[in-house]
Structure formats: C-alpha cells, structure tokens
Amino acid sequence: MSGVAFWQGNEAIAYGSLAAGCRFFGGYPITPSSEIAEIMAEELPKLNGRFIQMEDEIGGIAATIGGSVAGMQALTATSGPGFSLKQENLGLAYMAEIPIVVVDVMRGGPSTGLPTKTAQQDVMQARWGTHGDHGTICYAPASVQECYDIAIKAFNAAERYRQPVLIMSDEIIGHMREKVVTPKIDPSKLVNRKRPTDVPEKFVPYRPDPQDDLPCMASFGDGYRWHITGLTHNDWGFPTNNNDEIEKKMKRLMSKIDRFRDDIVEYETFYEDDAEVLVLAYGSVARSSLRAVNDARVRGFKAGFFRPVTLWPFPDKELEKLARKVKTIIVPELNCGQMVLEVERAVRGRAKVVPLNLVNGELFKPEEILAVIEEVA
Amino acid sequence: MPSQEVFSWLRTRFFPHIWCPGCGHGIIMHAMLRALVALKKDKSQTVIASGIGCSSRMAGYIDACTMHTTHGRSLAFATGIKLAKPELTVIDVMGDGDCTAIGGNHFIHACRRNIDITAIVMNNNIYGMTGGQASPTTPAGSLATTTPFGAIDPSFDICKLAEGAGASYVARSTVANPIQAEKFILNGIKKKGFSVVEILTHCHTTFGRKNNRRTPIDNINFFKNNSVPLARAKDMSEEELAGKIVTGEFVNKDIPEYTDQYLALIENVRGK
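The rules behind these values
Residues numbered from 1 in each chain as written. Chains lettered and ligands numbered in written order. Predicted model: local features only at pLDDT ≥ 70, side-chain atom pairs only at ≥ 80, totals over all residues. Contact = placed C-beta atoms within 7 Å. Helix = DSSP H or I, 4+ residues; strand = E, 2+ residues; numbered from the N terminus. Pairing = 2+ DSSP bridges. Axes fitted to C-alpha atoms, helices over the stretch in contact; angles between N-to-C directions. Domains from an automatic or database assignment. Nonpolar A, V, L, I, M, F, W, Y, C, P; charged D, E, K, R; others polar. Parallel < 35°, antiparallel > 145°, perpendicular 65-115°, else oblique. Right-handed = clockwise from strand over helix to strand, strands pointing away. Core = buried A, V, L, I, M, F, W, Y, C linked by C-beta atoms within 7 Å. Buried ≥ 20, exposed ≤ 12 C-beta atoms within 10 Å, placed from the backbone.

## Examining the interface of chain B and chain A
Link 1 in the chain: Taken together, the contacts link 33 residues of chain B with 36 residues of chain A.
Link 2 in the chain: The dominant element in the side of chain B that touches chain A, judged by the number of residues it contributes, is helix α4 (residues 74–84) of chain B, at eight residues.
Link 3 in the chain: Sheet topology note: the strand β10 (residues 227–229) of chain A/strand β2 (residues 65–68) of chain B ladder contains three bridges and is parallel. Bridged to Ile228 of chain A within β2 of chain B is Met67 of chain B.

## Some remarks on the sheet that holds strand β13 (residues 303–308) of chain A
Residue and element names in this part refer to chain A.
Link 1 in the chain: Ordered by their spatial adjacency, five strands build an open sheet running β11-β13-β12-β15-β16, and the pairing between neighbours is mixed. Edge strands, defined here as strands with exactly one partner in the open sheet, are β11 (267–270) and β16 (352–357). Taken over all neighbouring pairs, the strand axes of this sheet differ in orientation by 20° on average, direction set aside.
Link 2 in the chain: Here strand β12 (residues 277–280) pairs with β13 via four bridges, running parallel. The partner of Val279 across the bridge, within β13, is Phe305.

## Examining the domain arrangement of chain A
When the parts come together, some accessible area is lost, and that loss is often what is quoted as the size of the interface.
All names here are of chain A.
Link 1 in the chain: If you check the domain split of chain A, you get domain 1 (3–189) and domain 2 (267–376).
Link 2 in the chain: On a C-alpha basis, the centroid separation for the pair domain 1 and domain 2 is 26 Å.
Link 3 in the chain: Domain 1 puts 21 residues into the contact, and the matching count from domain 2 is 20 residues.
Link 4 in the chain: Per-element accounting of the side of domain 1 that touches domain 2 gives the leading share, four residues, to helix α5 (residues 123–128).
Link 5 in the chain: By residue class, the composition of the side of domain 1 that touches domain 2 is 13 nonpolar, five polar and three charged.

## Focus on the packing of α4 of chain B against helix α6 (residues 104–113) of chain B
Residue and element names in this part refer to chain B.
Link 1 in the chain: Look at α4 against α6: their axes get within 8 Å of each other, and the N-to-C directions meet at 40°. When the axis of α4 is compared with that of α6, the two are oblique. On the side of α4, the interface is formed by Leu75, Ala76 and Thr79, while α6 contributes His106, Phe107 and Ala110.
Link 2 in the chain: By residue class, the composition of the contact of α4 with α6 is four nonpolar, two polar and no charged.

## Focus on the pairing of β16 of chain A
Residues and elements named next belong to chain A.
Link 1 in the chain: In this structure, strand β15 (residues 328–333) lies alongside β16, joined through six bridges in parallel fashion. Paired with Val331 across the bridge in β16 is Pro355.
Link 2 in the chain: For the segment spanning β15, helix α12 (residues 339–347) and β16, crossover handedness is right-handed.

## Quick word on the environment of Glu163 of chain B
Residue and element names in this part refer to chain B.
Link 1 in the chain: Turning to its location among the elements, Glu163 is positioned in helix α7 (residues 158–165).
Link 2 in the chain: Taking the C-alpha atoms as reference points, Glu163 and Val121, separated by 42 residues in sequence, lie 14 Å from one another.
Link 3 in the chain: Not counting the four nearest positions on each side in its chain, Glu163 is found in contact with Val170, Phe250 and Val251.

## Details of the nonpolar core
Side chains that are nonpolar tend, in soluble globular proteins, to be buried together.
Link 1 in the chain: Grouped together as the largest cluster of nonpolar side chains are 182 residues, with contacts concentrated most on Val279 and Ile329 of chain A together with Val47 and Ile120 of chain B.
Link 2 in the chain: Counting residues per element, this core draws most heavily on helix α6 (residues 144–161) of chain A, which supplies 11 residues.
Link 3 in the chain: In terms of domain composition, this core takes at least three residues from each of domain 1 (3–189) and domain 2 (267–376) of chain A.
Link 4 in the chain: Residues Ile126, Tyr127, Cys203 and Phe207 of chain B belong to the second largest nonpolar core, which totals six residues.

Dropping the structure here:
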C-alpha cells in the first residue's frame, strides 16, 4: 500500500519493518523506544504475526531469535541499558547466523543516563558490544523517511547475510515527526532467507553455498532437523575443537560482510567537489550539520558534507578518497568522540580531523558547527 | 539397551557425549526419548531447547530441531519458537543452575504465562560442568568448591516455585525411578500448558565426591532410600520429611494456555 504519513521516527521504523515482512516482535519497554513495541503489539496480530512482551530485555532478544528460527522475520527494539543487556544473545545470533533486526533508539549514558534526552554514545557498542569477533551491519537513520526506508533495508540485509542487523536511531530521530512517503512495496525487492534445496537427509546446516559463501537456512518445523549452538561449530552445526574448523567458521563470520562490503555501504555527500572543510555527521547530528554547511556556503566558505548511512561497514574507502582533497574534517557527535576514531583510521593523516563533542543531552545548534567551520577554514 | 525406536532419536554420529561415566543425565535422556516414542512424536516437529551446562548438551545428541542457547535463557528462546509455531512440540532441558539461578526470571514467567512447553529440570544440586560450585539447590550444609565450609543458604524447592508461579503441570521424580520419570515427562508433554518435571539426578564427580556419595550407585541408593511418594508424605510431619525427596505429581490442572490465547486474539482482531 502506498501513501503519505506523518510519523515519528519510531513509528516509521515499526511500519517499515512490517512493510519489509517482519512478523515477530519480542521486547521489553524502555524509553525512548517503546512506541515501536506498542505499534507492533497492535499491528502484528492483524497480520497473523506475533508480539510478545518478555520479562526482561534479555528475554526480548531471545524470543526474537526464537521467532526467526521458527521462520518469521523478527524485530526487537530497545535503548542503551537494554542494548547492553541484549549483547550476549546478540552474540549468539552472530555465531549461529540467525537473521534478526535490533533497533537501539539511543539516549544518554552510561548506566540509566538520560532516558528522555538524545545521545550517540552507543555507536562503538554496536560494533564491539558483544564479546568475540564478527562482522557488523549497522545503519544510522537521519530522518523519519529514512527510518522507514532503512527498516526495509535492514530486514533485507539480515535475511541476505544471515546475521543480526542493527539500526542505531536516537531520541531525536525517534520522537521527531515528519512526512513519510510509503511507496508500494514490490515483493520481488524484499529478500527472504535462502532455503535449503537438499532433501532433509542431505541437509548440512552451515555448509556455505560456493556462490556467495553463505549457508541457506531451514526453519524449525519445516521438515529439516538441525542443531543450533552458540559454541563454535562445524558445517554440521555441531561443537568443534578442531583448529581448522574453528578458523573456517571465524573467518567466514568476518568475510561474509567484507566480501559484500561495497553492496552494503551507504553514504551521502553534498558539495564534495570543491570542499575544503568537510563536516562528517550521522543520525540527528547530520541535520544540524547540513544546515551549518549550507549556511557556510552562503557565507562563501568551501564547506562540504559527508554522512555515513551505514556506520558499519564504515565508508572508509570513500572517505579516504575525499580526504585527499579536503584540508579538514570536522566530526560533530553526541558523545565524547567515538566515530571520529573510525574517521581517523579511514583518513590516515591525509586531512586534519577535528572532533566536536556534545554530551549535555541536547542536539548541536547549526551555529555551533558553523562557528567551527569558520574557525578551521 | 534402548529400543531401536529410541535409538533412532539419537545423533550417534556426534558421540561420544561429554557426560562422565555413571552420570544420571543419560537416564533422563532415555526416559524422555521413551516418552517421545510412546507419544509417536515426529522428530521434525519436535524442538529441544537448552541453555548451558552438562545437562544442556543433551539437545545436541537428539535428532530433532535442537537449539543450545545461552546460560539460563533457553526458555525465552523456546517461548519465541513456540509462539511463532504453536504446532511444534517444544521441550526445554535444563539444569538446576540454568533454571533457578541465572534463568530464574525466565522460569517463573514461563510458568506464569503457561505457554505449552515442557521443562525438564535435571537437578543435581551443583554446577557440574564448571567444576562443582554451589547452586541454588545445593542443600544447606553441603560442600561445594565455592562453599568449602558448607553452604549456609537455604535451597530452592523447584516444584513449589513452579506451582506458585502458575505452571499447569508440576511433578518430581529421581533417576532411581526411571519408569516414573518417563511417565511424568509423558504427562508433561501431553499437558497443554507449561509443565515442569524436576528429576533429581547426581553428579558423583563433583557433588558426590565432597558429600559422601562418591559412586553412581551411592547416589542411586540415596535417592531410593530418601524418596517419599506424595501420598505418603501427606501424612508425615515436617520433621519426618526433613532431608527427604517428595516425589509425585504436585499440580495437574487445565488452565488457558498462552499460544491458544494469542491465536484466539488474532482471530478476534482479524475478524473485526
């Protein structure tokens, strides 16, 4: 169904997920993400889907993974404290290669922090939060429209690459209202996990398809019997202590993202052709940053704008190319300097990197960023 | 020896199993498989979920849809699977640490929700896999590697906990009575609702070694000599029951089941 809506970011994520084919939600109430759960509670039964409010955040992601194992596209949503609690089971989903989508509507931390105020303090946790190595796919929406569009992309990526996909929203994006255009969904554009074609007797659950190095996935109850475990396992899904099998599994958990990195990475640029000062920002901060860049242009400064849409994989090659041309990259973030580390890694000293940090629960005002553009230009 | 039918439920290609010689977990697995065979369950429509610990490795040995999850959380995963596909038979095998310590919250809420899952709790009063640390069911006074001077805290009564939290079927047996254990597991699976079957088992390797039950047979004899059927226990005083294991079916009631309720809700909502 196509149409126009006036939604909050949280609503757009919920409706985008439903449009993508999400039919299962397991979660636990937490500010500022609860609207997502509330909408799913109301809408999923209408679509023969399933909603369950679990006893805690840990149970919320566990039930979500269970729903996916039984064949439903599954979502959970939370904020910082809940994202911390979910990390262990998130690791299980990486290890067992179970597709789910996890939304973190970021608020200030650490600990209980600022439940009703915005922040971007969980972005490194999105990459490194659970123990052990794994590839990460993580989106950061900067508008309500993008919340809707990214929810669909996130489900497609989870199903395609058989792993959790994260959406790092924030309190401002989550609670801001904007116009959203909901296009008619072309079902052929929606990705569904690759199902086994072998007969059950010949099914090897983690044997990767030579085409793309990704294993197909059977659902419990579909006639295939297989074993899921968080232990490091071989192609049969059974625990292994064999060095070769361990290395093969671990390398594939990384390479399945590296291999498709160019397909996954998304970013947006403005005025990059002649920019001397680049502002790199994501999420809500991208909005005041773009305004500041536009204002700087009006005042005659050669300012440019770079917005990673995927925080992970980070658009490092693309940024590195730009860094050859610009003098300075300003990185405003609502934390004490997290993605700036990734920017420095990508830029490799080719441009000066200037962090700009705000952790008082508010969003940058465009003039605060503009002042820094003028200062460094 | 297991019957051919029971044997067909095992993933023998993944043996040897990790359990110590003489461990009680195999007796429980056999009782569960006999119950599944008796109920003519389809392996492809049967889910065995588990958490972490010796007992939880059982999931991997069974040729069904099996999911070995994180410590204490298996019931939450199983809840998601059951809600998504209520037609599946879902069994959750867990140990006492998994069920009553790290997973205590999931356990009481699964009871409260009365979702149609059968929880088989293998209670050996100890964390066996990690080397014999005290669990919430280690009896006060017992020795464990983390209670070198004897446990000072009281232990959980898993059946009372399940009954209080609202489970629709609650029973207890021991590995010394595998026929009874099988019957309770069978009744638990048949029950539409959340079933808890606690089976007292032994870890002679870690618990028995420190508490004068060094061999498997010492433990089996301990269970035989200290089990009291529920009917007899009703006429006994608290003093007489001290240190005894009351066995039997404590709860067997028909109350609304969670997935039934949810499917009815869907029908209502969609019918509008």
